[in-house]
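Observations on the model geometry
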Amino acid sequence: MSLQRGRAFADDAETLIDRSIFSDPVLHRQELGRVFARSWLFLAHESQFAKAGDFFTTYMGADPVIVSRQRDGSYKVVLNSCRHRGMRVCRYDSGNAKAFTCPYHGWSYGTDGALLSVPEEEAAYGDGLDHAAWGLAAVPRVETYKGLVFGTWDTEIPPLAEYLGDFTYYLDVLLDPDGEGTTAAAGVHRWRMRGNWKLGAEQFAGDMYHAYSTHLSSMIAEAPNSKGIRPPAEGFQVGLPGGHGLGGYPGYPYWHAQGFSAEVEDWIGNMLERAAEHLGPARTTGAVFIHGTAFPNLSLLWNRWTLRVWHPKGPDAMEVHSWSILPKSAPPAVRRALLLDYQRHFSASGTWEQDDAEQWNYSTNGSDGFVTSSLPLHYGMGIGRGPNKDFPEFPGTVDTVYSEINQRHFYRRWSELMAVPHPAEKAASETPASRAPASETPASEALLTESAKAVIA
Amino acid sequence: MPWIRACAGGELEEGDAVVVPSQPPVAVFHSDGEFYATADTCTHGKFSLADGFVEEAVVECALHSAKFCLRTGKALTLPATEPLRTFPVRVEDGAVYVEIDDAMMKEPVS
C-alpha cells in the first residue's frame with residue numbers, strides 16, 4: 001500500500017491512515033508549505049504584550065518568527081532570521097526591545113522588521129545596500145480573536161473568524177466565559193519531545209478513547225480527591241469543516257472532583273452560572289468541553305484552562321508551547337489553584353502530559369520500520385453510526401464520545417491541502433546556480449527577491 | 001546661542017530620554033536625578049541614543065551596546081571610539097532647557 005501524494009487515507013472509505021505521514025521526510029517538507037503556510041497559525045495571547053516593543057518568539061511551521069507590539073498597538077510578525085547570514089536576530093523567549101541586532105555581524109532591524117543600521121556600512125557596501133529590500137520578511141496577515149493572536153503567510157484564505165468558523169462557538173467558552181476575557185499566566189512552557197506533531201493535534205481533536213488506558217495510573221492516583229464523581233458514560237465528539245474538532249460530556253460537576261478548596265469550587269460553580277447567562281446554557285452548564293484542536297496545530301483543554309501549539313521539528317519530533325489561560329474575573333487564590341491544576345496535569349512535568357508523550361514517541365518510532373510502515377492504521381471508530389442527537393444546539397457533525405470522526409475530519413483537511421503544491425516549492429527546487437550566472441551579482445539578487453516573493457505569495 | 005525647551009521636568013522619568021528635533025538631533029536624559037544633553041545619534045551605528053538604556057549617567061546604545069558617559073560624552077566601550085558632543089542643560093520653572101548652536105535650528109522648534 002503506497003501513499004498517493006496528498007492523501008492521508010489508504011482506502012476510499014477514509015478509515016485507514018497511511019502511517020508514512022508520520023515519518024516521511026519528503027512529506028514533512030511539503031507539509032511545511034502546503035499545510036502550515038496556508039493556514040492561520042496561533043502565535044500568542046494578547047496579555048503577553050503590555051506595551052510597545054514587548055515581543056514573543058515562536059514558530060510558524062518550521063519558520064522562526066518574532067511577534068511584537070508596535071507603537072500604534074498593532075502586532076507585527078517577522079522572520080527571526082537575519083537577511084545577511086541567516087542568524088537569529090533575537091535569541092530570547094520574550095522581552096521588550098527597541099530593535100533586534102543580529103549577534104553575528106551586527107545588522108539591526110526595527111521591531112517592524114525594517115533594516116535600520118549596518119555596521120561599517122560605508123566601508124562595506126558604499127551606497128549599494130538597499131535598506132528597503134533587505135528588512136526581515138514580514139508576515140502579511142495578523143489578526144486576533146478574543147485575545148488570541150494569529151498569523152498566516154497566505155494572502156487568499158478567508159479572514160481568521162471565518163477560518164475558525166463554528167469552532168468559535170466552543171472557543172468562546174474558554175476565551176469569553178463571562179464577558180470579561182482572559183489573561184495568560186506569566187511564562188509560556190516550552191518543551192521538545194519525540195513524535196510527529198499530528199499525533200498530538202489529532203488526539204486533542206477527537207480522542208477521548210485513550211484516557212482510561214493512557215492516563216489510568218494518573219486517574220487512580222487522583223481518585224481519592226474525586227469524591228466518587230466521574231464523567232457520564234455518554235458524551236460527544238464534534239467534527240467541523242476545516243478540520244477542527246472537539247469533545248466532551250454533558251454537564252456534570254467536574255470541579256468538585258479535582259481536590260480544589262471550597263473557595264475555588266464555589267467560584268467555578270458561580271462562574272458557570274454567569275457563563276450560562278452570557279453564552280446560554282447549552283455550552284456552559286449543559287456541557288463540559290474537555291479537548292479540542294483548531295486546524296492545524298492549536299489545541300485546547302477547557303477543563304484544565306490551557307492551550308498549546310504543536311510545532312513540527314522534523315517528521316519525528318515536535319516542540320510544544322503551552323499557555324495557562326485564566327479568566328480575568330478570577331481572584332488570585334482561584335488563579336493560583338487553576339494554574340497549579342494545569343501544571344500538575346499538562347505542563348512539561350505534568351503527569352498526564354508524560355503519559356501522552358510516551359505514546360507519541362513509540363507510535364512515530366515504529367513508522368520507520370520497513371514492514372511496519374506498509375501496514376495502515378485503523379481510524380474507523382464510529383463509521384456507519386448515526387449522528388448523536390443529544391446536543392441539538394451544537395454546530396458541526398456530532399457523534400458519541402468514542403468516535404474518530406474528528407480525526408477523519410482533520411486528515412480530510414490535511415489531504416485537501418497536501419494535494420496542491422505550494423508555489424514556493426517550484427522556486428526552491430530550482431537552485432540559483434541553475435538559473436543565473438554565478439558571477440553576476442544583480443541577477444542573483446533579482447532571483448532571491450523573486451524567491452522571497454514566492455514564499456510570501 | 002539659543003536655549004530651547006526640551007520638556008517639562010516631570011515628564012521625563014528616571015532612565016528616560018527625549019529627543020530635541022534640531023539638526024542634528026539632541027537627546028536629553030534623566031539619570032540619577034540629573035538632566036544631561038548629548039548628540040542623539042550614536043557615533044558608531046547611527047541610531048537614536050534616546051532609545052538606549054540609561055543607568056548611572058551612562059547610556060548604552062540599543063543596537064550594538066556602545067556606552068557613552070552622559071557627563072563628558074566620552075565613548076566608554078567598543079564598538080564606539082568617537083565621543084558624543086555634549087550640550088549645557090538648565091532647569092527653570094520646572095522645565096528643562098538645552099543650549100544648542102544657531103546653525104542647528106534649521107526647523108521651528110516647539
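Described in the following lines is the structure provided in the data block. Computed from a prediction, not measured in an experiment: that's the story for all the values here.

Some details on a negative patch on the surface
There is a patch of like negative charges on the surface, built from Glu14(B), Asp32(B), Glu34(B), Glu55(B) and Glu56(B). Following the sequence through the fold, Glu34(B) ends up in strand S4 (residues 34-39).

Brief notes about the sheet that holds strand S5 (residues 53-55) of chain B
Residue and element names in this part refer to chain B. The strand order S5-S6-S7 describes an open sheet built from 3 strands, whose pairing is antiparallel. Since the sheet does not close on itself, it has two edges, and those belong to S5 and strand S7 (67-69), each with one partner. For this sheet the average axis-to-axis angle between neighbouring strands, irrespective of direction, equals 20 degrees. Relative to strand S6 (residues 58-60), S5 is paired through 3 bridges, and the arrangement is antiparallel. Note that in S6 the partner of Glu 55 across the bridge is Val 58.

As for helix H9 (residues 332-346) of chain A
Residues spaced three or four apart along an α-helix face the same direction, because each turn holds 3.6 residues. Residue and element names in this part refer to chain A. Taking 1.5 Å as the rise per residue, H9 with 15 residues should run 21 Å; its terminal C-alpha atoms sit 21 Å apart, in good agreement. Taken together, the buried positions of H9 are Val 334, Ala 337, Leu 338, Asp 341, Tyr 342, His 345 and Phe 346. Considered in projection along H9, the buried side chains sweep an arc of 135 degrees and stay on one side of the axis. Exposed residues lying more than 90 degrees from the buried face of H9 are Pro 332 and Arg 336.

Observations concerning the side chain of Ser31(B)
Residue and element names in this part refer to chain B. In this structure, Ser 31 sits in strand S3 (residues 26-31). A relative accessible area of 1% places Ser 31 in the buried class. A polar atom in the side chain of Ser 31 sits 2.9 Å from the backbone nitrogen of Ala 57. Not counting chain neighbours up to four residues away, the residues in contact with Ser 31 comprise Glu 14, Tyr 36, Val 54, Glu 55, Glu 56, Ala 57 and Leu 70.

Overview of the sheet that holds strand S8 (residues 108-110) of chain A
All names here are of chain A. Taken in spatial order, the 3 strands line up as S7-S8-S9 in an open sheet, and their pairing is antiparallel. Bordering the open sheet on either side are strand S7 (99-101) and strand S9 (115-117), each of which pairs with just one other strand. Geometrically, the sheet is characterised by an average inter-axis angle of 35 degrees between neighbouring strands, direction not taken into account. In the sheet, S7 pairs with S8 via 3 bridges, with the strands oriented antiparallel. Within the sheet, the bridge partner assigned to Phe 100 lies in S8 and is Tyr 109.

What to know about unusual backbone geometry
Cis geometry marks the peptide bond from Phe295(A) to Pro296(A); its omega dihedral reads 0 degrees. Structurally, Pro296(A) is set in the loop between strand S16 (287-294) and strand S17 (298-301). Cis geometry marks the peptide bond from Gln23(B) to Pro24(B), where omega comes out at -5 degrees. Relative to the helices and strands, Pro24(B) resides in the loop between strand S2 (17-20) and S3. A positive phi is found at Glu120(A), a non-glycine position, where the angle reads about 50 degrees. Summarising the element assignment, Glu120(A) is placed in the loop between S9 and helix H2 (121-125). Although it is not a glycine, Trp305(A) sits at a positive phi angle of roughly 55 degrees.

Things to note about the layout of surface pockets
Residues and elements named next belong to chain A. Estimated volume of the second largest pocket: approximately 800 Å³. If you go around the second largest pocket, you meet 35 residues; those closest to its centre are Met 219, Glu 222, Pro 231, Arg 304 and Trp 352. Listing elements by their share of the lining of the second largest pocket, those giving two or more residues are helix H5 (197-206), helix H6 (211-214), helix H7 (216-222), S16, H9 and helix H10 (351-366). Partitioning the lining of the second largest pocket into residue classes produces 18 nonpolar, 10 polar and 7 charged.

Side note on the interface of chain A and chain B
Many authors give the size of an interface as the accessible area that is lost as the parts come together. Chain A puts 10 residues into the contact, and the matching count from chain B is 8 residues. Of the roughly 720 Å² buried between chain A and chain B on both sides combined, carbon and sulfur atoms contribute 53%. On the chain A side of the interface with chain B, the three residues burying the most area are Lys98(A), Thr101(A) and Ser117(A), jointly 54% of the side's total. Taken together, the connections running from chain A to chain B amount to 5 residue pairs in polar contact (both at pLDDT 80 or more). Breaking the side of chain A that touches chain B down by element, the ones donating at least two residues are S7 and S9 of chain A. Across the side of chain A that touches chain B, the residue classes tally to 3 nonpolar, 4 polar and 3 charged.

Points about the pattern of salt bridges
Residue and element names in this part refer to chain A. Inspection of the entire model under this criterion finds 19 salt bridges over all chains. Note that Glu 425 is salt-bridged to Arg 34, the shortest N-O span being 2.7 Å. With Glu 425 in helix H12 (residues 423-429) and Arg 34 in helix H1 (residues 25-34), this residue pair connects regions lying 391 residues apart in the sequence. Under the relative-accessibility criterion, Arg 34 is labelled buried at 7%. The partner of Asp 316 in a salt bridge is Arg 194, with the nearest N and O atoms 3.3 Å apart.

Re empty space enclosed by the protein
All names here are of chain A. Counting across every chain of the model gives 1 cavity of 30 Å³ or more. Empty space within the largest cavity amounts to approximately 30 Å³. Lining the largest cavity are Tyr 254, Gln 258, Phe 260, Ile 268, Asn 303, Arg 304, Trp 305 and Asp 341. Of the residues in the lining of the largest cavity, the class split is 4 nonpolar, 2 polar and 2 charged.

Considering the packing of aromatic side chains
Evaluated as defined, the whole model comprises 31 aromatic pairs over all chains. Summarising the aromatic geometry, the rings of Tyr170(A) and Phe289(A) are spaced 5.4 Å apart at their centres and angled 80 degrees between planes, so their arrangement reads as edge-to-face. With Tyr170(A) in helix H4 (residues 167-175) and Phe289(A) in strand S16, this pair connects stretches of sequence that are 119 residues apart. Aromatic side chains Trp197(A) and Phe410(A) sit 6.2 Å apart centroid to centroid with 65 degrees between the ring planes, which places their arrangement in the edge-to-face category. With Trp197(A) in helix H5 and Phe410(A) in helix H11 (residues 405-418), the pair connects residues that are 213 residues apart, well separated along the chain. For Trp197(A), a relative accessible area of 0% corresponds to the buried category. Pairwise contacts between aromatic rings join Phe167(A), Tyr169(A), Tyr170(A), Phe236(A), Phe289(A), Trp302(A), Phe391(A) and Phe394(A) into one cluster. Between Arg90(B) and the ring centre of Trp3(B), over which it is positioned, the NZ or CZ distance is 4.4 Å. Over the ring of Tyr97(B) we find Arg90(B); its NZ or CZ atom is 5.7 Å from the centre of that ring.

Rules used throughout
- Residues numbered from 1 in each chain as written.
- Chains lettered and ligands numbered in written order.
- Predicted model: local features only at pLDDT ≥ 70, side-chain atom pairs only at ≥ 80, totals over all residues.
- Heavy atoms only, no water.
- Patch = residues over 30% accessible without salt bridge, like charges linked within 9 Å, V, L, I, M, F, W, Y side chains within 5 Å.
- Areas by Shrake-Rupley, 256 points an atom, 1.4 Å probe, with all protein chains shown as cover.
- Salt bridge = Lys/Arg side-chain N within 4 Å of Asp/Glu carboxyl O.
- Lys, Arg positive; Asp, Glu negative; His and termini not counted.
- Charge placed at Lys NZ, Arg CZ, Asp CG, Glu CD.
- Helix = DSSP H or I, 4+ residues; strand = E, 2+ residues; numbered from the N terminus.
- Pairing = 2+ DSSP bridges.
- Axes fitted to C-alpha atoms, helices over the stretch in contact; angles between N-to-C directions.
- Expected span 1.5 Å × (residues − 1).
- Buried < 20%, exposed > 50% of the residue type's maximum accessible area, 1.4 Å probe, protein only.
- Arc of directions from axis to C-beta.
- Polar contact = N/O pair within 3.5 Å; in protein donor to acceptor, adjacent residues only side chain to side chain.
- Contact = heavy atoms within 4.5 Å.
- 1 Å grid on protein atoms, 1.4 Å probe; cavity = no way out; pocket = protein on both sides within 12 Å on 5 of 7 lines; lining within 4 Å.
- Points joined across faces, edges and corners; volume = space filled by probe spheres on them.
- Nonpolar A, V, L, I, M, F, W, Y, C, P; charged D, E, K, R; others polar.
- Buried area = accessible area lost by both parts, 1.4 Å probe.
- Phe/Tyr/Trp six-rings, centres within 6.5 Å; stacked < 30°, edge-to-face > 60°.
- Lys NZ or Arg CZ within 6 Å of the ring centre and 35° of its normal.

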